[in-house]
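Fold and geometry: a report
Below are the chains, spelled out letter by letter.
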Amino acid sequence: LVIGVADLPYLSNFTDLEALAREPDVHVLQLSSATERHLDALILPGTKNTVEGLRFLKQHGLAALAHQVVNRGGTVVGLCGGYQMLGHRILDPSGVESAVVEHEGLGLLDAMTVFLREKVTVQVSGSHRQSGSAVDGYEVHMGRTDVNKTEPLLDVRSGPAEPLRPEGAARSDGLVFGTYVHGLFDSAPFRRWFLNRLRAARGWLPVTGSSPQSLDDDLDRLADFVQEHLDMAAIEHLIREGVPEEV
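Presented here is a report on the structure given in the accompanying data block. (Residues numbered from 1 in each chain as written. Predicted model: local features only at pLDDT ≥ 70, side-chain atom pairs only at ≥ 80, totals over all residues. Heavy atoms only, no water.)

1. Here's the deal with the nonpolar core
Leu39, Leu42, Leu57, Val76, Leu86, Leu106 and Leu108 are the most contacted members of the largest nonpolar core, which has 33 residues in total. Of all the elements in the fold, those that place two or more residues in this core are strand S1 (2–6), strand S2 (27–31), strand S3 (41–44), helix H2 (50–59), helix H3 (62–71), helix H4 (81–86) and strand S7 (111–128). It is H3 that contributes the most residues to this core, 6 residues altogether. With residues up to four places along the chain from it excluded, the contact list for Leu86 reads Leu44, Val76, Val77, Gly78, Leu106, Gly107, Leu108, Leu109, Val176, Phe177 and Gly178. (Core = buried A, V, L, I, M, F, W, Y, C linked by side-chain atoms within 4.5 Å. Buried < 20%, exposed > 50% of the residue type's maximum accessible area, 1.4 Å probe, protein only. Helix = DSSP H or I, 4+ residues; strand = E, 2+ residues; numbered from the N terminus. Contact = heavy atoms within 4.5 Å.)

Below, the structure written as structure tokens:
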């Protein structure tokens, strides 16, 4: 599978796609301009400046490429700022990102985003509606996206005592979806559902079995190794008491 990733200016949250790149049946292709190569999916990642990212897509042929991917039966995914770009319009009445009040989006989702000065920063957990896969991640964004007659992508909450709330948007044909949740592809069940759906579009059989270890798994394994082979009690004592003076 070939998954293109738009190399947006002010790119943020670089780890969102690491899990996809580690899959043995996936090649992630970084794109700074349009390509004639077949793409099974195109991902618009998060960016610290959505307006500049949207302008970049239009200037370098990637906006047109997104429409071509969908027209050929591929999938377009928007993450955070990329999600905002998928809608019809982006409004910036307070001048959060630019002096221009209204920007035309890609029109791939029936949605509109309004930039707000208050930044949303929250950890969430929940599930993907279509597959039922559990997901965990976090939101960091400025703006609110309203969708019309479009199914939510996820149901999430920021604490066990809170009710689930709809999040993101997915087109009825499944070819376009967007979300504010970073870390979505870190969920192995969701990741495999997504990739097997791309495989089905090619007429390929699904891949079953365990996915590669995640970055968190690698870090946990490294932490266990360090704890096993170092005198942690001595290190903790040095942290508390400092290095003793030489006699």
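2. Some details on a nonpolar patch on the surface
A cluster of nonpolar side chains, contributed by Leu219, Leu222, Phe225, Val226, Leu230, Ile235 and Ile239, occupies part of the molecular surface with about 660 Å² of accessible area. If you list the elements that add at least two residues to the nonpolar patch, you get helix H6 (215–229) and helix H7 (232–241). For the nonpolar patch, the element with the most residues is H6, which contributes 4 residues. Along the polypeptide, Ile235 turns up in helix H7. (Patch = residues over 30% accessible without salt bridge, like charges linked within 9 Å, V, L, I, M, F, W, Y side chains within 5 Å. Areas by Shrake-Rupley, 256 points an atom, 1.4 Å probe, with all protein chains shown as cover. Salt bridge = Lys/Arg side-chain N within 4 Å of Asp/Glu carboxyl O.)

3. Things to note about unusual backbone geometry
The phi torsion at Tyr10 lies on the positive side, around 60 degrees, for a residue other than glycine. Relative to the helices and strands, Tyr10 resides in the loop between S1 and helix H1 (18–21). In the Ramachandran plot, Asn13 falls in the positive-phi region, its phi being about 55 degrees despite a non-glycine side chain. With respect to the element layout, Asn13 can be found in the loop between S1 and H1. Looking at Asn13, the relative accessible area reads 22%, which means it is partly exposed.

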